[in-house]
Amino acid sequence: MSTNPRVLAFAGSTRAESFNKKLVRIAAAGARAAGGEVTLLDLRDFPLPLFDADLEAREGLPPHARRLKDLMLAHQRLLISSPEYNSSISGVLKNAIDWASRPAPGEAPLGCFVDKVAALMSASPGALGGLRGLVHVRAILGNIKVLVLPDQVAVSRANEAFNPDGTLKDPKQQAAVGGLGEKLVQILSKLGIRDEGGGV
Ligand SMILES: Cc1cc2nc3c(=O)[nH]c(=O)nc-3n(C[C@H](O)[C@H](O)[C@H](O)COP(=O)(O)O)c2cc1C
């Protein structure tokens, strides 16, 4: 099996033309260029019911939550592009985190999150680019023991920001988003932490 650093990349949006999906693809390319082994997933392919403790008690983890958890367990690094909904995290992303945070019998608590490293970004047609939502995403992940990189990028006016090929019109912004992926791959060795590449 490859020992390259493994990165799970996704957006907190299911929308087909999602700006956040476009953005996370740029960061994923940066992570690949830095030697990361990237799995890009679309949360649309993981349709989850709203978290419901009665459903969980009755039926356990829904199959798509199990698939998502298995992927998260197999990757030590997370690249997340989060839309901002009413100044906060999208329901889709929060619900995915909530399901992934639930241990199945015999699993360690928060195994999908503890000691993982994440880089965050956001895109919005608004002037702040989803920046206010990132404050909440950062707090949520930090509280479940994810090491979140201080670097982040928020792309404002996202409806005008992308070229038809999916790159950003602003070359500096394009480099900054690619750089997020690159840094996510390199951060552990930069910090002198032995990097085992894959997941737990
Ligand atoms: C319920 C809802 C609330 C929203 N609230 C905000 C907001 O607080 N700030 C913002 O910049 N955009 C807000 N938007 C606009 C989103 O940024 C926009 O729909 C964006 O395209 C969503 O991300 P996506 O393109 O990745 O799906 C909101 C959109 C919806 C549907």
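Here, every reference points to the structure presented above.
The present account deals with the structure reproduced in this document. The shown structure was predicted, so the numbers you read here are calculated from the model rather than taken from an experiment. (Residues numbered from 1 in each chain as written. Predicted model: local features only at pLDDT ≥ 70, side-chain atom pairs only at ≥ 80, totals over all residues. Heavy atoms only, no water.)

1. Things to note about the overall build of the chain
Counting its secondary structure elements, the chain contains seven helices and seven strands. What you see in the chain, going N to C, is helices and strands ordered as β-α-β-α-α-β-β-β-α-β-α-β-α-α. The C-alpha radius of gyration computed for the chain amounts to 16 Å, which stays within 12% of the reference 16 Å derived for 200 residues, consistent with globular compactness. Principal axes of the C-alpha set define a box for the chain whose edges measure 50 × 40 × 25 Å. Relative to its 200 residues, the chain shows a buried fraction of 46%. Of the contacts formed within the chain by residues at least 6 apart in sequence, a portion of 77% connects residues at least 24 apart. Here the chain displays about 9600 Å² of accessible surface, and carbon together with sulfur accounts for 54% of that area. In the chain, the 24 positive side-chain charges and the 20 negative ones have mean positions that sit 3 Å from each other. (Helix = DSSP H or I, 4+ residues; strand = E, 2+ residues; numbered from the N terminus. Rg over C-alpha atoms; globule rule 2.2 N^0.38 Å. Buried < 20%, exposed > 50% of the residue type's maximum accessible area, 1.4 Å probe, protein only. Contact = heavy atoms within 4.5 Å. Areas by Shrake-Rupley, 256 points an atom, 1.4 Å probe, with all protein chains shown as cover. Lys, Arg positive; Asp, Glu negative; His and termini not counted. Charge placed at Lys NZ, Arg CZ, Asp CG, Glu CD.)

2. Structural notes on unusual backbone geometry
Of note, Asn86 is a non-glycine position whose phi angle comes to about 45 degrees, a positive value. With respect to the secondary-structure elements, Asn86 resides in the loop between strand S4 (84–85) and strand S5 (88–89). With a phi angle near 55 degrees, Leu110 is a residue other than glycine that sits in the positive phi range.

3. Remarks on the pairing of strand S6 (residues 117–123)
Within S6, seven of the seven residues are buried, leaving the element largely enclosed by the surrounding structure. Burial along S6 is two-sided: the residues Val117, Ala119, Met121 and Ala123 and Ala118, Leu120 and Ser122 are all buried. Across five bridges, strand S3 (residues 77–81) lies against S6 in parallel orientation. Counterpart to Leu78 in the pairing with S6 is Ala118. Here six bridges tie S6 to strand S7 (residues 147–155), and the two strands are oriented parallel to one another. By the bridge assignment for S7, Ser122 is matched with Ala154. (Pairing = 2+ DSSP bridges.)

4. Brief notes about the side chain of Ser122
Its location among the elements puts Ser122 in strand S6. Overall, Ser122 belongs to the buried group, its relative accessible area being 0%. Every residue in contact with Ser122, bar those within four places of it in the chain, is listed here: Asn20, Leu23, Ser81, Ser82, Gly129, Gly130, Leu131, Leu134, Val153, Ala154 and Val155.

5. Quick look at the packing of helix H3 (residues 63–73) against helix H4 (residues 91–100)
One way to put it is that H3 packs onto H4 with a least axis distance of 9 Å and a crossing angle of 80 degrees. With respect to H4, the element H3 is oriented roughly perpendicular. Listed contacts from H4 to Ala65, Leu68, Lys69 and Met72 of H3 are Ala96, Trp99 and Ala100. Across the contact of H3 with H4, the residue classes tally to six nonpolar, no polar and one charged. (Axes fitted to C-alpha atoms, helices over the stretch in contact; angles between N-to-C directions. Parallel < 35°, antiparallel > 145°, perpendicular 65-115°, else oblique. Nonpolar A, V, L, I, M, F, W, Y, C, P; charged D, E, K, R; others polar.)

6. Topic: H4
Those residues of H4 lying buried are Leu93, Asn95, Ala96, Ile97, Trp99 and Ala100. For H4, the secondary structure elements touched by its buried residues are strand S1 (6–11), helix H2 (53–59), H3, S3, S5 and helix H5 (131–143).

7. Section: the site of the ligand
Taken together, 13 residues lie near the ligand, and Ser13, Ser18, Asn20, Glu84 and Ser124 sit nearest. The separation between an oxygen atom of the ligand and a polar side-chain atom of Asn20 is 2.7 Å. Within the backbone of Ser87, an N or O atom sits 2.8 Å from an oxygen atom of the ligand. Of all the secondary structure elements, the ones that give two or more residues to the shell around the ligand are helix H1 (19–33) and S4. Its residues assigned to classes, the shell around the ligand shows four nonpolar, six polar and three charged. (Near = heavy atom within 4 Å. Polar contact = N/O pair within 3.5 Å; in protein donor to acceptor, adjacent residues only side chain to side chain.)

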